[in-house]
There are 2 protein chains.
Amino acid sequence: MTKIPYKIYLSEDEMPKQWYNIKADMKTQPAPFLNPATLKPVTADDLKQIFCEDAVDQEMNKTDRFIDIPEEIRSFYRMYRPSALVRAYCLEEKLGTPAKIYYKYEGTNTSGSHKLNSAVAQVYYAKKQGIKSLTTETGAGQWGTALAMAGAYFDIPIKVFMVKVSAEQKPYRKAVMETYGAEVIPSPSDTTETGRRILKENPNTGGSLGCAISEAVEEAVKGDNCRYVLGSVLDHVLLHQSVIGLETKTALEKYDIKPDIIIGCVGGGSNFGGLIGIFAGEKIQGKNNIKFIAVESSSCPSMTRGLFAYDYCDTGKMTPLAKMYTLGSGFIPSPNHAGGLRYHGMSPIVSELYHQGIIDEARALTQKQVFEAATLFAKSEGILPAPESSHAIRAAIDEAVKCRETNEAKTIVFGLTGTGYFDLAAYMKYNSGELTDIEVTNEALEAGFASLPKID
Amino acid sequence: MTKIPYKIYLSEDEMPKQWYNIKADMKTQPAPFLNPATLKPVTADDLKQIFCEDAVDQEMNKTDRFIDIPEEIRSFYRMYRPSALVRAYCLEEKLGTPAKIYYKYEGTNTSGSHKLNSAVAQVYYAKKQGIKSLTTETGAGQWGTALAMAGAYFDIPIKVFMVKVSAEQKPYRKAVMETYGAEVIPSPSDTTETGRRILKENPNTGGSLGCAISEAVEEAVKGDNCRYVLGSVLDHVLLHQSVIGLETKTALEKYDIKPDIIIGCVGGGSNFGGLIGIFAGEKIQGKNNIKFIAVESSSCPSMTRGLFAYDYCDTGKMTPLAKMYTLGSGFIPSPNHAGGLRYHGMSPIVSELYHQGIIDEARALTQKQVFEAATLFAKSEGILPAPESSHAIRAAIDEAVKCRETNEAKTIVFGLTGTGYFDLAAYMKYNSGELTDIEVTNEALEAGFASLPKID
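Residues numbered from 1 in each chain as written. Chains lettered and ligands numbered in written order. Predicted model: local features only at pLDDT ≥ 70, side-chain atom pairs only at ≥ 80, totals over all residues. Heavy atoms only, no water.

Chemist: Just checking my understanding: could you explain the relation of the copies chain A and chain B for this structure?
Modeler: The operation relating the pair of chain copies consists of a rotation about an axis and a translation along that axis. Expressed as a screw transformation, the operator carrying chain A onto chain B has a rotation angle of 180° and an axial translation of 0.0 Å, and the superposed copies differ by an RMSD of 0.0 Å. The transformation just described matches what one would write down for a two-fold rotation axis. Ranked by how close their C-alpha atoms come to the rotation axis, the residues of chain A are headed by A:T108, at 3.0 Å. A shared interface surface links the copies, since 100% of the contact residues of chain A are contact residues in chain B too. (Least-squares fit on C-alpha atoms with pLDDT ≥ 70 in both. Contact = heavy atoms within 4.5 Å.)

This is the structure in structure tokens:
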């Protein structure tokens, strides 16, 4: 048999020309979004007040299995894609496992994560529609950076509301966005009504993602030909991220590799949904029986401890309601350095796939478990991973260790979503032994559930 | 003609199995190193007290054109190499130039630069020799990080003396090294005689690369089966870095691309020497007439304003003397954010090639010129470049703009040595308009030249 190379790259000819829309294959569709004012299913027109037209059309599309990737987006993709599918030979050796471990590495672009896959698509569609500027929010900073990069390329002004405490803790993330020409506003700010109200109530608040979303939406709605863009959760974001899974599938097939397990970290679900997308679609069709494992932070365990219910997507309750696994929009996660996994809900598609049993397992990990795996991975594979991605690394290592015990040569694929170059304060704490695990309390869970809307 | 892809990757079969030793092709050899005590040419035995055996043998080797890369090193290389040769289509479009611009991108590994190419080789040879630990110095931090990564992989303890002001300004660089298990000691320290002496003379000093080198060498010489490793300047480092040029050549030949100009930034010269190596060797043999341009910082202009003379490699005058372009080991560069280009001397091989006219041109740039180019590059090609690498970017852009004016479709290749993810304080200054150019004064140049040893 051909020796599998360390890194499998696709040629430009082999790169996907279409995204994969899993809804066309789902036997039960995700429940529709509800208009927060009427609690009736939202219409495309409702959504087009906030989001770009093409994004909304993709959001509503349940029938087209494949959707063309416009040439302008494919051209941008060629700058930083295809990402490598890497055989983790060195990690396997370190673990002494018969398992074969692969990771799809999305971290080589400057945003440091997979977020760029959807940022470029959303900015392109805004440009095509003649939108004059875009707003968004960012917590850890990857999404804001990705959007700033895409904005610079397509020459669309970007305004990023960045959770204030993040902007203060990660001035360099802010600096990257500004280098790409984005305007970064620590949130809450005095530039929006929501921001002013929150600052009046609580002048010393460090802000929250929920508040930043509310400010960004308000700004988009009141702006001149301005729209809001979101980096995860929504169906059209998962559509754009399907490029990860499609590339992975082509790369595996080139060497006739059949995965037994696919693992990804989940915050809002866009990376995991994108990675498993095409494989999950084939599983629905009975073409494979791959085990899918979603790994979340035990500080924000929406899949393992949440409810499958209608909820708001933001804490400000301005956005449509989605049926999803959720801890309640009022849930406050316990402290954790994986900023990208601190979302109270979960992508409706991922939620529905989990509910249907297509996604086999959700698993919650503590940050100490995660940083232990991150450090082992960095030392053996050379890449310093993001804390978010390291959730998937830990689960992959745990599965590989099981294989050592049972002497099974399973093929494990996981998503390495990004690098940890802007997370070194967390690594410093781990290195010095100061990193602690703070469990979610029952009180926090109850408070979260109490914030759920009463519907049905 | 085949359309050139955005990124040219080599398969594992196409990756170099041997390094290229340009000295085998040089008509005049670089002058020998001199023992600082006797001012006689150093012997291999002299050097083996400080450096690893294989490194010294490679340093002295003038005859073998190609030297095998051991399988263990090739295996490590496969983790992060081959690096892509990227066609800068988007930059070309932004510039409106008929020039074809390519860059060899060495920044995707976690050390963020090409330094890993030599780090892994030197650590491997230390392991093979049974050396128990290694010391080195680092300024900006790329070399220290690269060595820490290689040390973690081959399980060799690494002690890094990091210029104190850098350790304070870049705590995250220090954190990366510590994550990889290296011990990082801000220099000057109280752990060496040199450090204690300097601290006594000047308790508030922020340290210097020269001082850190002296501490690392002292520690290696007095240690138990310990050796010192250097990340640039020396012939064996250029040998290891020849992998950059060899990969570039194979990638270009796959698409029948013939470069007219090759550009690299120069600090100690290892990246530039490695990039042009095989091409310069062929130029010596009359097989091409490529124009080679070395780009340095105007804060430390060894090639454009230095002398071609024997000088110490460190400010502490503990190391052998090399004949090179130098500003004098006592030269103090003017402030500049390109920490990797603040070395007073230049690789003896690069110096000799420049002296012989094989390297056509050296060019010095100010940091404002450089950051302007860095920002344009980031916005058009997506990658946030290191300030050092951005010297090459600026020169490439300037050449491409000339092509626009003369309507020549020249092929320009430059080395993109690394990323700027740990240089964001500098980008912040540039973004806010606070970055200033501080010219080297005649007094600084005179003081540097006055520190040159009197020889001949």
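Next comes the rest of the account.
Chemist: When you look at the interface of chain A and chain B in this model, what are you seeing that I'm missing?
Modeler: By convention, interface size is frequently given as the accessible area that disappears when the constituent parts associate. Counting residues at the interface gives 43 residues for chain A and 43 residues for chain B. Around 3,900 Å² of area is buried between chain A and chain B when both sides are counted, 61% of it from carbon and sulfur atoms. Along the contact surface separating chain A from chain B lie zero salt bridges. Counting across the chain A and chain B interface gives 20 residue pairs in polar contact (both at pLDDT 80 or more). Those elements that provide at least two residues to the side of chain A that touches chain B are α3 (71–80), α4 (89–95), α6 (142–154), α8 (171–179), α15 (367–381) and α17 (424–431) of chain A. Residue classes in the side of chain A that touches chain B are distributed as 25 nonpolar, ten polar and eight charged. (Buried area = accessible area lost by both parts, 1.4 Å probe. Salt bridge = Lys/Arg side-chain N within 4 Å of Asp/Glu carboxyl O. Polar contact = N/O pair within 3.5 Å; in protein donor to acceptor, adjacent residues only side chain to side chain. Helix = DSSP H or I, 4+ residues; strand = E, 2+ residues; numbered from the N terminus. Nonpolar A, V, L, I, M, F, W, Y, C, P; charged D, E, K, R; others polar.)

Chemist: Got a minute to help me understand the nonpolar core in this structure?
Modeler: Side chains that are nonpolar tend, in soluble globular proteins, to be buried together. A:W19, A:F292, A:L353, B:W19, B:F292 and B:L353 are the most contacted members of the largest nonpolar core, which totals 184 residues. Apart from the residues within four sequence positions on either side, B:F292 is in contact with B:I262, B:F272, B:I276, B:F279, B:A280, B:K283, B:I358, B:I359, B:D360 and B:E361. Counting residues in each nonpolar core, the second largest holds 60 residues, with A:A88, B:V370, B:A396 and B:A400 among its members. (Core = buried A, V, L, I, M, F, W, Y, C linked by side-chain atoms within 4.5 Å. Buried < 20%, exposed > 50% of the residue type's maximum accessible area, 1.4 Å probe, protein only.)

Chemist: I would appreciate a short explanation of the sheet that holds strand β6 (residues 133–138) of chain B in the present structure.
Modeler: Strand pairing within a sheet occurs via backbone hydrogen bonds; the two strands may be parallel or antiparallel. Residues and elements named next belong to chain B. Taken in spatial order, the four strands of this open sheet run β8-β7-β6-β9, and their pairing is parallel. Where the open sheet ends on each side, the last strands, each with one partner, are β8 (183–187) and β9 (226–228). Each strand axis lies, on average, 25° off the axis of its neighbour in the sheet, ignoring direction. Strand direction decides the pairing type here: strand β7 (residues 158–163) and β8, joined by five bridges, are parallel. If you follow V163 over to β8, its bridge partner there is S187. Taken strand by strand, helix α6 (residues 142–154) contacts β6 and β7, and its axis lies near 160° from that of β6. (Pairing = 2+ DSSP bridges. Axes fitted to C-alpha atoms, helices over the stretch in contact; angles between N-to-C directions.)

Chemist: What should I look at first to understand the pattern of salt bridges in this one?
Modeler: A side chain with one charge may pair with a side chain of the opposite charge, provided their charged atoms come close. Tallied over the entire structure, the rule returns 58 salt bridges over all chains. A salt bridge links A:R78 to A:E71; its shortest N-O distance comes to 2.5 Å. Of the residues examined, A:R78 reaches a relative accessible area of 11% and is grouped as buried. Owing to a relative accessible area of 41%, A:E71 belongs among the partly exposed residues under this scheme. Between B:K128 and B:D54 there is a salt bridge, with its nearest N and O atoms 3.2 Å apart. Taken together, the positions of B:K128 in helix α5 (residues 116–129) and B:D54 in helix α2 (residues 53–60) put the pair 74 residues apart, joining distant regions of the chain. The network of salt bridges with shared partners includes A:K291, A:E361, A:R363, A:E399 and A:K402.

Chemist: So what exactly am I meant to see when it comes to the packing of α5(B) against α6(B) here?
Modeler: In helix packing, the relevant descriptors are the interaxial angle and the interaxial distance, both defined with respect to the helix axes. All names here are of chain B. Where α5 contacts α6, the two axes come as close as 8 Å, and the packing angle between them is 40°. By the angle between their axes, α5 is oblique relative to α6. α6 is crossed by α5, and the crossing has right-handed handedness. Of the residues in α6, those touching α5 at L116, S118, A119, V120, Q122, V123, Y124 and K127 are W143, A146, L147, M149, A150, G151 and F154. (Parallel < 35°, antiparallel > 145°, perpendicular 65-115°, else oblique. Left-handed = near helix turned anticlockwise from the far one by under 90°.)

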